[in-house]
Amino acid sequence: MKKSIVFLFLTVLIFVSCKENKKELTDVKEELQKTDSVQVSEAYTLLKTKCYACHNPNAESHDNIIAPPMAAVKKRYLRIYDEKESFVEAITNWSIDPKEEKAIMRGAVSQYNVMPYQNFKEEDMRKIASYIFENELEVPDWFEAHEEEMHGQGGRRRMGRKNN
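Per chain, residues are indexed from 1 in the order of the written sequence. At least 70 in pLDDT is required for a residue's local features to be given in this predicted model, at least 80 for side-chain atom pairs to be given and counted, and no such filter applies to totals for whole chains, interfaces and linings, which use all residues. Where side-chain values are given, they derive from all heavy atoms of the structure, hydrogens and water being excluded.

**Considering the packing of helix α2 (residues 70–80) against helix α3 (residues 84–96)**
Note on geometry: axes are lines fitted to C-alpha atoms, helical ones only across the stretch in contact, with angles between N-to-C directions running from 0 to 180 degrees. Secondary structure elements follow DSSP: runs of H or I of four or more residues count as helices, runs of E of two or more count as strands, with numbering from the N terminus. At a minimum axis distance of 10 Å, the contact between α2 and α3 shows a crossing angle of 125°. As judged from the angle between their axes, α2 and α3 are oblique. When the axes of α2 and α3 are compared, the crossing they make is right-handed. Facing α2, whose interface residues are Val 73, Lys 74, Tyr 77 and Leu 78, α3 presents Phe 87, Ala 90, Ile 91 and Trp 94. Grouping the amino acids of the contact of α2 with α3 by side-chain chemistry returns 7 nonpolar, no polar and 1 charged. We call two directions roughly parallel when the angle between them is under 35 degrees, roughly antiparallel when it is over 145, roughly perpendicular when it lies between 65 and 115, and oblique otherwise. It is the rotation of the near helix from the far one that decides the hand of a crossing: anticlockwise by less than a right angle makes it left-handed, clockwise makes it right-handed. Throughout, a residue-residue contact means that at least one pair of heavy atoms, one from each residue, lies within 4.5 Å. Residue polarity is assigned by list, with Asp, Glu, Lys and Arg as charged and Ala, Val, Leu, Ile, Met, Phe, Trp, Tyr, Cys and Pro as nonpolar; anything else, Gly included, falls into the polar class.

And the structure:
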């Protein structure tokens, strides 16, 4: 009888303990989701305030902007930097210290010139670059047609020439 009572007591104790652990895990998970949501929101706000003034996704045409849309930047950088870490590093390095010799978007440099130096914080640029890598970006209505005209299918043609 004593063994049954001890066994019953231990079973109840384990059950209550597991239930508490599940509640704690759920609370931790919810807290992490809130943190992620706040970070995404902060990164998007940084993108809008620091980048979209020049890389405007709502411009009526590629003639009405002073820099390529961020969707074009993302597309081009992903062709070289398909891992998040290297992508974030490359975008951050360029935005903090833009120089013509470092440019990978030579057509954009020809059309818009080199991005002017901005006094960006590295931490902010890393947040923005991470956001760009992980999320769909707003694409101007004219972007697809312009990409096709300038680069052909798959982005391999430049200014009417095909690469073999």
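**Some points on the packing of α3 against helix α5 (residues 122–134)**
Helix packing for two helices is described by the angle between their axes and how far apart those axes are. At their nearest, the axes of α3 and α5 sit 8 Å apart, and the two run at 130° to each other. When the interaxial angle is binned, α3 and α5 end up oblique. In terms of crossing hand, the pair formed by α3 and α5 is right-handed. Residues Lys 84, Phe 87, Val 88, Glu 89, Ile 91, Thr 92, Ser 95 and Ile 96 of α3 form the contact with α5, whose own contacting residues are Glu 122, Met 125, Arg 126, Ala 129, Ser 130, Ile 132, Phe 133 and Glu 134. By residue class, the composition of the contact of α3 with α5 is 8 nonpolar, 3 polar and 5 charged.

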